[in-house]
Number of protein chains: 2
Amino acid sequence: MKVSLGRLQQQHDAVFRENCPTRTVLDHVMSKWGVLVLMNLTDGTARWGELRRTVEGISEKMLASTLRTLEADGLVVRTAHPEVPPRVDYALTPRGEDLMERMMPLMEWIAENADDIVARP
Amino acid sequence: MKVSLGRLQQQHDAVFRENCPTRTVLDHVMSKWGVLVLMNLTDGTARWGELRRTVEGISEKMLASTLRTLEADGLVVRTAHPEVPPRVDYALTPRGEDLMERMMPLMEWIAENADDIVARP
DNA sequence: CCGAATCCTATACGATACTG
DNA sequence: CAGTATCGTATAGGATTCGG
């Protein structure tokens, strides 16, 4: 079966040019930690420490940096509660949820096929 | 709207554990160059030099390494023609096409929203 | 509890040159 | 044409400490 590029095909040239904004978004969203953080927000709001534990292996530095990037992109929203001790939680924005709707089928496929792919001869 | 993790939800813990094969596949497939190479194979076979030009900005080293990884994962197949001068082309395997069917909607969304995301205040 | 700041390391990546 | 080999750099990323 042939998958068509459709209107992604730009002229008859490179698909995403070097300074195309798509490259930037791609690097944010498809980054090592970006995907995992987004995934862990698909089932609702999560606190900082929660993400820290749930996204196994992430360092505080990378969590902070990833969240800031995603927030700047308008995919994630940060809410700080004026309490002591401080409580901050993160959630997907509508745009973030929109994105994740397209990403979930992909993630499911990867989850289903990962064992086969990694364990090949 | 709420997007559910469905059967991706493993127990009630981390979504993809640290040594989960999914992490590996994720790093291959969602890598900076992996996506772009795969994209450029969705509309059919391409030769090495073709990819080199089409995937704008990729170095020979990264193209080679990316292709080898994707081939090892069984997502891309390499065909060398015994000619002079040599001709080699790359194409998606059935598994690769299967993957790209899930990835295309995501890429289309990103392409459509990239400008908005990058140009925010 | 939620981060920011600092320091340090590994490796991803690019540029170039070379070969069957 | 289709790569491999080598070298050098930039950046991602980890570990730790500190502050609000």
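Residues numbered from 1 in each chain as written. Chains lettered and ligands numbered in written order. Predicted model: local features only at pLDDT ≥ 70, side-chain atom pairs only at ≥ 80, totals over all residues. Heavy atoms only, no water.

Identification of chain A as Helix-turn-helix transcriptional regulator from Microbacterium radiodurans is taken from an unreviewed UniProt entry.

## What about the sheet that holds strand E2 (residues 76–81) of chain A?
All names here are of chain A. Spatial ordering of the open sheet is given by E1-E3-E2, a layout of three strands whose pairing is antiparallel. The open sheet has two edge strands, strand E1 (46–47) and E2, and neither has a second partner. As defined by bridge partners, E2 adjoins strand E3 (residues 87–92) across six bridges and the pair is classed as antiparallel. The residue bridging Val-76 from the neighbouring strand is Leu-92, located in E3. (Pairing = 2+ DSSP bridges. Helix = DSSP H or I, 4+ residues; strand = E, 2+ residues; numbered from the N terminus.)

## Focus: helix H1 (residues 21–29) of chain A
Among the residues of H1(A), those classed as buried are Thr22(A), Arg23(A), Val25(A), Leu26(A) and Val29(A). Burial along H1(A) is one-sided: seen end-on, the buried residues are contained in an arc of 165 degrees. On the buried face of H1(A), the contacting elements are helix H2 (32–39) and helix H5 (94–118) of chain A together with helix H2 (32–39) and helix H5 (94–118) of chain B. (Buried < 20%, exposed > 50% of the residue type's maximum accessible area, 1.4 Å probe, protein only. Arc of directions from axis to C-beta. Contact = heavy atoms within 4.5 Å.)

## Here we look at the interface of chain A and chain B
Contact residues are listed per partner, giving 63 residues for chain A and 63 residues for chain B. The tally of links between chain A and chain B comes to six salt bridges. Note that Arg17(B) is salt-bridged to Glu56(A), the shortest N-O span being 2.9 Å. Between the two partners, chain A and chain B, sit ten residue pairs in polar contact (both at pLDDT 80 or more). Secondary-structure elements contributing two or more residues to the side of chain A that touches chain B are H1, H2, helix H4 (60–72) and H5 of chain A. (Salt bridge = Lys/Arg side-chain N within 4 Å of Asp/Glu carboxyl O. Polar contact = N/O pair within 3.5 Å; in protein donor to acceptor, adjacent residues only side chain to side chain.)

## Thoughts on the relation of the copies chain A and chain B
Note on the copies: chain A fits chain B at an RMSD of 0.0 Å, the axial shift is 0.0 Å, and the rotation between them is 180 degrees. Look at the turn and shift together and you get a two-fold axis relating the two. Of the C-alpha atoms belonging to chain A, the one lying closest to the rotation axis is found on Met30(A), 2.7 Å away. In this assembly the copies share their binding face: 100% of the residues contributing to the interface of chain A also contribute to that of chain B. (Least-squares fit on C-alpha atoms with pLDDT ≥ 70 in both.)

## Some words on the packing of aromatic side chains
Per the stated rule, a full pass over the model turns up zero aromatic pairs over all chains. Over the ring of Trp33(A) we find Lys32(A), and its NZ or CZ is 4.9 Å from the ring centre. (Phe/Tyr/Trp six-rings, centres within 6.5 Å; stacked < 30°, edge-to-face > 60°. Lys NZ or Arg CZ within 6 Å of the ring centre and 35° of its normal.)

## What about the protein's contact with DNA strand C?
Lining the immediate surroundings of DNA strand C are 20 residues, of which Arg78(A), Pro86(A), Tyr90(A), Lys61(B) and Met62(B) lie closest. Near-protein atoms of DNA strand C (within 4 Å) split between backbone and bases, with sugar and phosphate holding 58%. Separating a phosphate oxygen of DNA strand C from a backbone N or O atom of Gly49(A) is a distance of 3.2 Å. Separating a base nitrogen of DNA strand C from a side-chain N or O atom of Lys61(B) is a distance of 2.6 Å. (Near = heavy atom within 4 Å.)

## Looking at unusual backbone geometry
That bond from Val84(A) to Pro85(A) is cis: its omega, 0 degrees, falls within 30 degrees of zero. In this structure, Pro85(A) sits in the loop between E2 and E3.

## Overview of the protein's contact with DNA strand D
Among the 21 residues in the neighbourhood of DNA strand D, the closest are listed as Lys61(A), Arg47(B), Gly49(B), Arg78(B) and Tyr90(B). By atom count, sugar and phosphate contribute 56% of the portion of DNA strand D lying within 4 Å of the protein. One of the side-chain N or O atoms of Ser59(A) is found 3.2 Å from a phosphate oxygen in DNA strand D. One of the side-chain nitrogen or oxygen atoms of Lys61(B) is found 3.4 Å away from a base nitrogen of DNA strand D. Of all elements in the fold, only H2 and H4 of chain A together with helix H3 (48–54), helix H4 (60–72) and strand E3 (87–92) of chain B reach the threshold of two or more residues within the surface near DNA strand D. Classifying every residue of the surface near DNA strand D by side-chain character gives nine nonpolar, three polar and nine charged. (Nonpolar A, V, L, I, M, F, W, Y, C, P; charged D, E, K, R; others polar.)

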